[in-house]
Amino acid sequence: MKVGIIGSGMVGATSAFAIMMRKAASDIVLIDANEKRAIAEAQDIMHAVPFAAATDVYAGNYDDLKDAKIVVIAAGANQKPGETRLDLMEKNAAIMKDIISKTVAVNPNIIFLVATNPVDIITHICVNIAKEFGIPATRIIGSGTTLDTARFRTLLGNLIGVDSQNVHAYVIGEHGDSEVLTWSNIDIGGVQFEDFIEFRKIEFSEKIKEQIDNGVRNAAYKIIGGKGSTYYGIGGAIAKLVDVINRDNRAVLTISTFMEDVEGVKNVTLSLPHIIGGEGDLGVLPISLNAKEKMLLKKSAEIIRSKIDEFENKI
Ligand code: NAD
């Protein structure tokens, strides 16, 4: 149960900490272009091991991925002054190529978990790079809207006074502004949302719905405004994904994967609920959506596809 983490900045290191606290791996190796950072983060996390779970946490290099099951990609360049979004994308695509080729050279069977933003586009790029090495798309998993889904479930749980783990609700589409909250299929312990709020006499209105929508859609902006970046939520999501894959748990999570067709939009990478297990993505679920949600999902898919086109036309 060894996991590699490439990019041990805030997201990579927090993911490592969450994986260790969750007992989701026996070994965690941190790899970073900044070796000193990887060593420092590994040592800091290692010092929490006596309070949590026996885990070997260390800084290493690609050779250490030989016997790893999963590698988390949380590496990324930051936008420099004067650099466009597309320049940054090109730079990050080159980083992904470097990471994937070096990883596959030592371990062609590894599962890639991608967190680097914009995660849908970066995952799409990774799928294409991995294809050149014969790696199937089922082993390239973007964290996608796992985090947004968690945010939605948290706010719904708070509203109705139920543990968010018993609230089933999804955010699908882009991990970003066009994401879609699927209000039509919320289920609390097998009870439909409308029936639940009526039965429990929970106050609900369009205004509350809007507040929750905003709370989910704009969460990252708010957090970044307050402290510069987000990392605990995504660290928790990555740790869950690692746990599910390492234990072949077959959990349902809204990961970002390559799809041949979403609402008529071809060859696009976005989030839908999937079953995740020891082999990676075990398949998408046929989520039922109302007409408005279908339209919004199509729009979200078109936005992602146009960003991919923009990138592909530049290179
Ligand atoms: P950070 O700047 O703290 O860390 C990035 C790390 O990547 C740095 O330590 C850097 O040295 C390393 N790095 C750069 N190029 C590398 C390479 N070629 N090989 C190895 N390491 C390399 O950034 P962060 O806050 O940890 O964010 C990392 C990424 O995660 C960003 O793209 C961010 O937008 C994204 N993110 C995603 C989500 C999500 O939900 N998917 C949430 C938050 C952040």
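All of these numbers come straight from a predicted model, not from anything done at the bench.

Asks: An account of the overall build of the protein chain is requested, with residue identities and associated values reported.
Replies: The helix and strand tally for the protein chain stands at 10 helices and 14 strands. Rg of the C-alpha trace for the protein chain: 19 Å, near the compact-globule value of 20 Å for 315 residues, within the 12% margin. Taken over the C-alpha atoms alone, the protein chain extends approximately 55 × 50 × 40 Å along its principal axes. Looking at the protein chain residue by residue over its 315 residues, the buried ones come to 49%. Intrachain contacts of the protein chain at a sequence separation of at least 6 include 70% that bridge at least 24 residues. Within the structure as shown, the protein chain displays about 14600 Å² of accessible surface, and the carbon and sulfur contribution to it stands at 52%. Where the 34 positive side-chain charges of the protein chain centre and where its 40 negative ones centre are 1 Å apart.

Asks: Break down the nonpolar core for me, citing the residues and quoting the values.
Replies: Of all hydrophobic cores here, the largest spans 44 residues; its most connected members are Ile-6, Leu-65, Phe-112, Ile-140 and Leu-270. Of all elements in the fold, only strand S2 (27-31), strand S4 (70-73), helix H3 (85-106), strand S5 (111-114), helix H4 (119-132), strand S12 (251-262), strand S13 (265-277) and helix H10 (291-314) reach the threshold of two or more residues within this core. No other element matches the eight residues that H4 contributes to this core. Structurally, this core is a two-domain feature, drawing no fewer than three residues from each of domain 1 (2-142) and domain 2 (146-314). Beyond its immediate chain neighbours, meaning those up to four positions away, Leu-270 contacts Asp-120, Gly-173, Ile-255, Ser-256, Thr-257, Met-259, Val-262, Leu-297, Ala-301 and Ile-304.

Asks: Residues and numbers for the packing of H4 against H10, please.
Replies: Two elements in contact, H4 and H10, have axes whose closest approach is 10 Å; the angle formed by their N-to-C orientations is 55°. Relative to H10, the element H4 is oriented oblique. Considering only the axes of H4 and H10, their crossing is right-handed. Together, Asp-120, Ile-121, His-124, Ile-125 and Asn-128 of H4 and Ile-304, Arg-305, Lys-307, Ile-308, Phe-311 and Glu-312 of H10 make up the contact between the two elements. Of the residues contributing to the contact of H4 with H10, the split by class is five nonpolar, two polar and four charged.

Asks: Mind laying out the pairing of S13, listing which residues take part and the relevant values?
Replies: When you tally the buried positions in S13, you get 10 out of 13 residues, the bulk of the element. The pairing of S12 with S13 spans 11 bridges and is antiparallel. Bridge pairing in S13 links Ile-255 to Leu-272. Linking two consecutive strands that pair antiparallel, namely S12 and S13, is a turn of two residues; a positive phi of about 50° is found at Glu-263 within it. Relative to strand S14 (residues 280-284), S13 is paired through four bridges, and the arrangement is antiparallel. Bridge pairing links His-274 to Val-284 in S14. Remark: two residues form the turn of the hairpin made by S13 and S14, two consecutive strands paired antiparallel.

Asks: So what about the site of the ligand? Which residues, and what values?
Replies: In the vicinity of the ligand lie 21 residues, with Met-10, Val-11, Asp-32, Ala-115 and Asn-117 positioned nearest. Within the backbone of Val-11, an N or O atom sits 2.7 Å from an oxygen atom of the ligand. Separating a nitrogen atom of the ligand from a backbone N or O atom of Ala-33 is a distance of 3.1 Å. Two domains each provide a minimum of three residues to the shell around the ligand, namely domain 1 (2-142) and domain 2 (146-314).

Asks: Account for the pattern of salt bridges, naming residues and giving values.
Replies: For the coordinates displayed, the defined rule picks out 13 salt bridges. Two residues, Glu-174 and Lys-307, come together in a salt bridge whose shortest N-O distance is 2.8 Å. Within this pair, whereas Glu-174 is found in the loop between strand S8 (171-172) and strand S9 (180-181), its partner Lys-307 is found in helix H10, the two being separated by 133 residues in sequence. Residue classification places Glu-174 among the buried positions, given a relative accessible area of 8%. Asp-248 is the partner of Arg-250 in a salt bridge, and the nearest nitrogen-oxygen pair spans 3.2 Å. A single network of salt bridges, built from pairs that share partners, joins Arg-22, Asp-243 and Arg-247.

Asks: Before we move on, could you go through the environment of Ile-70 and cite the residues and values that matter?
Replies: Note on placement: Ile-70 falls in strand S4. Expressed as a C-alpha distance, the spacing of Ile-70 and Gly-278, which sit 208 residues apart in the sequence, is 9.9 Å. Excluding residues that lie within four positions of it along the chain, Ile-70 makes contacts with Lys-2, Val-3, Gly-4, Ile-110, Ile-111, Leu-113, Val-242, Ile-245 and Asn-246.

Basis of the calculations
Residues numbered from 1 in each chain as written. Predicted model: local features only at pLDDT ≥ 70, side-chain atom pairs only at ≥ 80, totals over all residues. Heavy atoms only, no water. Helix = DSSP H or I, 4+ residues; strand = E, 2+ residues; numbered from the N terminus. Rg over C-alpha atoms; globule rule 2.2 N^0.38 Å. Buried < 20%, exposed > 50% of the residue type's maximum accessible area, 1.4 Å probe, protein only. Contact = heavy atoms within 4.5 Å. Areas by Shrake-Rupley, 256 points an atom, 1.4 Å probe, with all protein chains shown as cover. Lys, Arg positive; Asp, Glu negative; His and termini not counted. Charge placed at Lys NZ, Arg CZ, Asp CG, Glu CD. Core = buried A, V, L, I, M, F, W, Y, C linked by side-chain atoms within 4.5 Å. Domains from an automatic or database assignment. Axes fitted to C-alpha atoms, helices over the stretch in contact; angles between N-to-C directions. Parallel < 35°, antiparallel > 145°, perpendicular 65-115°, else oblique. Left-handed = near helix turned anticlockwise from the far one by under 90°. Nonpolar A, V, L, I, M, F, W, Y, C, P; charged D, E, K, R; others polar. Pairing = 2+ DSSP bridges. Near = heavy atom within 4 Å. Polar contact = N/O pair within 3.5 Å; in protein donor to acceptor, adjacent residues only side chain to side chain. Salt bridge = Lys/Arg side-chain N within 4 Å of Asp/Glu carboxyl O.

Read these as layout, nothing more, since geometry by itself doesn't imply function.
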